Amino acid sequence: MDQLVTYELRDEIALIGLNRPAKRNAVSDRVVEALNLAIERAQLEAKAAVIHGEGTHFCAGLDLAEHSEKPLIAAVQGSRRWHRIFDGIERGGIPFVVALQGAVVGGGFELAAAAHVRVADETAFFGLPEGTRGIFVGGGGSVRIARLIGTQRMGDMMLTGRTVSPVQMEQWGGVSYVVPAGQALERAITLAKATAQNAPMSNYAIINALPRIRDMSSEDGLFVESLMSALTSVTPEATERLRAFLEKRTAKLAAPTE
């Protein structure tokens, strides 16, 4: 049986690859379950992870041939399963970076939106063709993508079937970096390595506190911020890193070069 999702541990970085290039890495139930196993493994043995697509496309979205044959309750349960697995990316224990090329469509865009950092190369294009297919997003996009680019822009993409370039998507807030063709995976690995150098408690707080604070009232969010700020500052890693900064043993932030 072909390996639907590849996995490689490279130093402290887990590389997770969608591996159905002949189907533009369309996501079936079996792919989702294989992805879940890779995500859980990465949480146990890596400090950061990169999700990418094998071949020329990241992911063309839901496997419509499989989806069209599902009874109603199975479709609901399948969507909820996607939600739980993608939540393991967004609110897990390690940072996830996603490398995007070619089609980033439908469920592929929803998967990318669950990651913490998105890198797209110049070949990437983003689409949400659910309106033209007679369906609706089911992998968390109505929450995650809408919060990245705004409900009106997401609705426009779904209603009209338009595709969006990586440069436009960066301006909208849907991706963090745009790189030349073929360089998304390399940049994603570099960024993942950078996040892996952070104190584990800081990474955990950033990953888990920020999305929850976003969902709170302002006053509740500020209260939780104070607690997280205090908790992270008293860890041994924080104590050592702050001492190193005060003793000028670490470099100061510099202006960006690009």
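From a predicted model like this one, the values you see are computed outputs, not experimental measurements.

Peer 1: Residues and numbers for the pattern of salt bridges, please.
Peer 2: On inspection of all chains with the given rule, the structure shows 13 salt bridges. Between Arg81 and Glu33 there is a salt bridge, with the nearest N and O atoms lying 2.8 Å from each other. Highlighted residues: Arg81 in helix α3 (residues 72–90) and Glu33 in helix α1 (residues 29–45), separated in sequence by 48 residues. The closest approach of N and O atoms between Arg147 and Asp215, which form a salt bridge, is 3.0 Å. Of the two residues, Arg147 sits in helix α6 (residues 141–149) while Asp215 sits in the loop between α10 (200–214) and α11 (218–233), which places them 68 residues apart along the sequence. Take Asp215: its relative accessible area is 42%, and that puts it in the partly exposed class. When salt bridges that share partners are traced, they join Asp87, Glu90, Arg91, Arg144, Arg147, Arg214 and Asp215 into one network.

Peer 1: Give me the pairing of strand β6 (residues 117–121): which residues, what numbers.
Peer 2: By the criterion of burial, β6 is predominantly enclosed, with five of the five residues buried. Pairing of strand β4 (residues 96–100) with β6, which is carried by four bridges, proceeds in the parallel orientation. By the bridge assignment for β6, Val98 is matched with Arg118. In this structure, β6 lies alongside strand β9 (residues 177–179), joined through three bridges in parallel fashion. The residue of β9 that forms the bridge with Ala120 is Val178.

Analysis parameters
- Residues numbered from 1 in each chain as written.
- Predicted model: local features only at pLDDT ≥ 70, side-chain atom pairs only at ≥ 80, totals over all residues.
- Heavy atoms only, no water.
- Salt bridge = Lys/Arg side-chain N within 4 Å of Asp/Glu carboxyl O.
- Helix = DSSP H or I, 4+ residues; strand = E, 2+ residues; numbered from the N terminus.
- Buried < 20%, exposed > 50% of the residue type's maximum accessible area, 1.4 Å probe, protein only.
- Pairing = 2+ DSSP bridges.

Everything listed here is a matter of geometry and, on its own, says nothing about what the molecule does.
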